[in-house]
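One-letter residues, chain by chain:
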Amino acid sequence: MPVVSFGASPLGSVFRPVVEADGIKTVHAALELGMNFFDVSPYYGKTLAETVLGKALKGVPRQSYILATKLGRYGDDVFDFSAGRVARSIDESLQRLGVDHVDIIQAHDIEFGDLNQVVTETIPAMRELVRKGKARFIGITGLPLKVFDYVISRVPVDTILSYCHYSLNDRSLESLLALCEQKGVGVINASPLSMGLLSQKGPPSWHPATAEIKAACRKAAEVARESGTDIAEIAVKWAIREKRIPTTLIGMADEAHVRRNIQWSTEPLDDGVLKKIEAVLQPVLNKTWPSGRPENN
Ligand code: NAD
C-alpha cells in the first residue's frame with residue numbers, strides 16, 4: 001500500500017518563513033501519526049532544513065525512521081558532484097542531522113551536472129559511503145526524466161527521486177516505471193501538489209511553471225472548491241494510487257497539513273470530482289519546464 005512521507009524542504013523556509021519550534025512540532029506530529037520516512041537536503045534553506053530536522057529527530061530511536069538526504073547541490077547555482085565533495089558533504093550532513101548514517105544518500109538535481117561525471121565519479125564515491133557505513137542506499141534526483149534513464153541504464157543505483165512528474169497535471173513519470181522495475185530501482189515520487197500549484201493557496205512566487213500551467217491549476221482548484229472539496233485532497237489521493245510508487249513525499253512544516261495528508265491517504269478518491277478536474281487540466285497535461293543544462297532536458 002503506497003504511503004505519504006515527509007518532505008522536509010519547508011523546514012528550510014523555502015515556501016514561507018517557518019519558526020524552528022513549529023517545524024520541530026510538525027516532525028514530532030508526523031512521527032506520532034506513523035510517518036517514518038524523511039527526505040531533506042543541505043540545499044534546503046542553505047542547510048537550515050537539515051539542522052531543524054536534526055533537532056527534531058534528537059532522542060528519537062534511530063531504527064524507528066528512514067532518513068534520506070542529498071549532496072551535490074548547495075545553492076541555486078552552486079553544484080559540486082566531485083568525489084572529494086561527496087566525501088565531505090556526507091560528514092557535514094551527518095553532523096547537522098545528529099546521526100551516524102543516513103538510509104539513502106542522493107545526488108541532488110543531477111541535470112545541473114555533467115552526467116558522465118555523475119556516472120563515473122559521483123556514484124562510485126557514493127558507493128564508497130555505503131562501504132563505510134555512512135549510508136545504506138544511494139539514489140539520484142532531478143526534474144527531467146531523461147537523466148534517470150541515462151544513469152540507471154549505465155550504473156546501478158538503488159533509488160530515484162522524481163518530482164512534479166506524478167501529480168494530477170503531469171503524469172509523465174509513468175513512462176519510466178517499467179524501466180525502474182526492470183532495473184530493480186525504487187521510485188520515490190515527490191511534490192504531488194506540484195510544489196503548491198495544486199493547492200487553494202497557489203504556488204510560491206518562484207514557481208517555475210509557465211503562466212498557462214499556473215492558470216489551469218488555479219482553475220482546477222476553483223473546480224475542486226465548487227465541488228465542495230480541496231484540490232490538495234484530490235491531488236494527494238490521486239498520487240498514492242500507483243502501486244509501483246511505494247512512497248510520495250509531501251512538503252510539510254504545518255501540523256495541520258500532516259494530519260490532513262495522513263487522513264486523506266486513508267480515504268477513497270471521489271472519481272466524479274476527479275473527472276471534472278482532469279478535464280480542466282487536460283490542455284496542460286504533462287507540460288513541464290526546463291531545468292539544468294540544455295542537453296539534459
Ligand atoms: P509539494 O508538492 O509537496 O508541495 C508543498 C507545498 O504544499 C508546501 O507549500 C506545503 O505547505 C503545501 N502543503 C502540504 N500539505 C498541504 C495540504 N494538506 N494542504 C495544502 N497545502 C499543503 O512540493 P515539495 O515540498 O517541493 O515536495 C515534497 C518534498 O519532495 C520536498 O520537501 C523534498 O523533500 C522532495 N523534493 C525533492 C526534489 C529534488 O530532489 N530535486 C525536488 C522537489 C521535492
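Structure: see above.
Quick caveat, the model's predicted, so the values are computed rather than measured.

(A) Spatial organisation of helix 6 (residues 174-183). The complete set of buried residues in helix 6 reads L176, L177, L179 and C180. Elements that come into contact with the buried residues of helix 6 comprise helix 5 (146-152), strand 8 (159-163) and strand 9 (186-190). One or two positions beyond helix 6, positive phi appears at G184, with a value near 70°.

(B) Geometry of the site of the ligand. Residues in close proximity to the ligand total 27 residues, the closest being S9, D39, D109, G251 and N261. A distance of 2.6 Å separates an oxygen atom of the ligand from a polar atom in the side chain of D39. In this structure, D109 approaches the ligand through a side-chain N or O atom, which is 2.5 Å from a nitrogen atom. Among the elements of the structure, strand 8, strand 10 (247-251) and helix 9 (255-265) are those that each provide at least two residues to the shell around the ligand. Grouping the amino acids of the shell around the ligand by side-chain chemistry returns 14 nonpolar, 10 polar and three charged.

(C) A look at the sheet that holds strand 3 (residues 66-71). On the basis of which strands lie adjacent, the closed barrel formed by eight strands has the order 1-2-3-6-7-8-9-10 and parallel pairing. Pairs of neighbouring strands in the sheet enclose a mean axial angle of 30°, with direction left out of account. Alignment of strand 3 against strand 6 (residues 102-107), held across four bridges, turns out to be parallel. By the bridge assignment, T69 is partnered in strand 6 with I105. Helix 4 (residues 115-131) contacts strand 3, strand 6 and strand 7 (135-142) of the sheet and is inclined by roughly 155° relative to strand 7.

(D) Examining the packing of aromatic side chains more closely. As enumerated under the stated definition, the model contains seven aromatic pairs in all. A ring pair is formed by F38 and Y65, whose centres lie 6.4 Å apart and whose planes are at 85°; its orientation type is edge-to-face. Residue F38 is found in strand 2 (residues 37-39), and its partner Y65 is found in the loop between helix 2 (48-57) and strand 3; the two are separated by 27 residues along the sequence. On the basis of relative accessibility, which here comes to 0%, the residue F38 falls in the buried class. For Y65, a relative accessible area of 3% corresponds to the buried category.

(E) Inspection of the pairing of strand 10 at higher detail. When you tally the buried positions in strand 10, you get four out of five residues, the bulk of the element. The pairing of strand 1 (residues 3-7) with strand 10 spans five bridges and is parallel. In the sheet register, V3 faces strand 10, and the bridge partner there is T247.

The rules behind each value
- Residues numbered from 1 in each chain as written.
- Predicted model: local features only at pLDDT ≥ 70, side-chain atom pairs only at ≥ 80, totals over all residues.
- Heavy atoms only, no water.
- Buried < 20%, exposed > 50% of the residue type's maximum accessible area, 1.4 Å probe, protein only.
- Helix = DSSP H or I, 4+ residues; strand = E, 2+ residues; numbered from the N terminus.
- Contact = heavy atoms within 4.5 Å.
- Near = heavy atom within 4 Å.
- Polar contact = N/O pair within 3.5 Å; in protein donor to acceptor, adjacent residues only side chain to side chain.
- Nonpolar A, V, L, I, M, F, W, Y, C, P; charged D, E, K, R; others polar.
- Pairing = 2+ DSSP bridges.
- Axes fitted to C-alpha atoms, helices over the stretch in contact; angles between N-to-C directions.
- Phe/Tyr/Trp six-rings, centres within 6.5 Å; stacked < 30°, edge-to-face > 60°.

None of this, on its own, says anything about what the molecule does.
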